[in-house]
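# A look at the structure
Read off the chains here:
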Amino acid sequence: MTADRDQQIPSAIIGLTIGLTLSVGGWFAIGPDHPVFAVTVQGGFLLMALLTGPALVDVGRTRYRVRAYEPRLYAWLGADLVRRVLDAVGWNRMIGRMRTAESGASMLTRYLRGTEQSETAHLLGAAATVVVAAVAAATGHPQGVLHLLLVGFVLHGYPVMIQRTVRFRITSRRTGRSADAS
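Residues numbered from 1 in each chain as written. Predicted model: local features only at pLDDT ≥ 70, side-chain atom pairs only at ≥ 80, totals over all residues. Heavy atoms only, no water.

Moving on, we get to the pattern of salt bridges. In total, this model carries nine salt bridges according to the counting rule given. Across the pair Asp58 and Arg113 runs a salt bridge whose closest N-O atoms are separated by 2.6 Å. One end of the pair, Asp58, is in the loop between helix H2 (35–56) and helix H3 (70–76); the other, Arg113, is in helix H6 (residues 107–138), and 55 residues separate them in sequence. By relative accessible area, Asp58 is classed as partly exposed at 39%. Since its relative accessible area comes to 28%, Arg113 is described here as partly exposed. Here the residues in one salt-bridge network are Asp58, Arg61, Arg113 and Glu116, joined through shared partners. (Salt bridge = Lys/Arg side-chain N within 4 Å of Asp/Glu carboxyl O. Helix = DSSP H or I, 4+ residues; strand = E, 2+ residues; numbered from the N terminus. Buried < 20%, exposed > 50% of the residue type's maximum accessible area, 1.4 Å probe, protein only.)

Pasting the structure below:
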């Protein structure tokens, strides 16, 4: 655990530096109202979140509990459609292989842990998006706010919804089996 923590702290610092550098640099080089700014910043936030997320995955573990209504709400918002597109382009297959290739606990436990790590990373990206959008709003850039929130929702909102739906399906089957065995 200590070796993991020793690796996570520098990664988190690098991730935060990348996210901050791209947002500030992009703000002055591209301008907050340009759609390229939103895409550039979100790319930086994705990288930032992937590097920073593992350090925070075990903070507030109760947030990983998925309520029964959530998958229906996420489907209504289009998360199933996005998941099918990611299936069609092979993204989910690649991520699934990465999650099951890690050494350690059982394959299902590793897969569930992967959904938690992904959710945490995307929540960090979403939080960073909200901060930059608030700065854009406070400085009179409503078009920039719209671009940031729209791109942020696609790149962070949908992945969070998909991770929560997948985790709900897996844990519902597991608890259903344990109840059947009793």
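For the structure on display, the rule yields two aromatic pairs. Pairing Trp27 with Phe37 gives two aromatic rings, centres 5.9 Å apart and planes at 85 degrees, and the pair type is edge-to-face. Placement of the pair is Trp27 in helix H1 (residues 2–29) and Phe37 in helix H2, with a sequence separation of 10 residues. (Phe/Tyr/Trp six-rings, centres within 6.5 Å; stacked < 30°, edge-to-face > 60°.)

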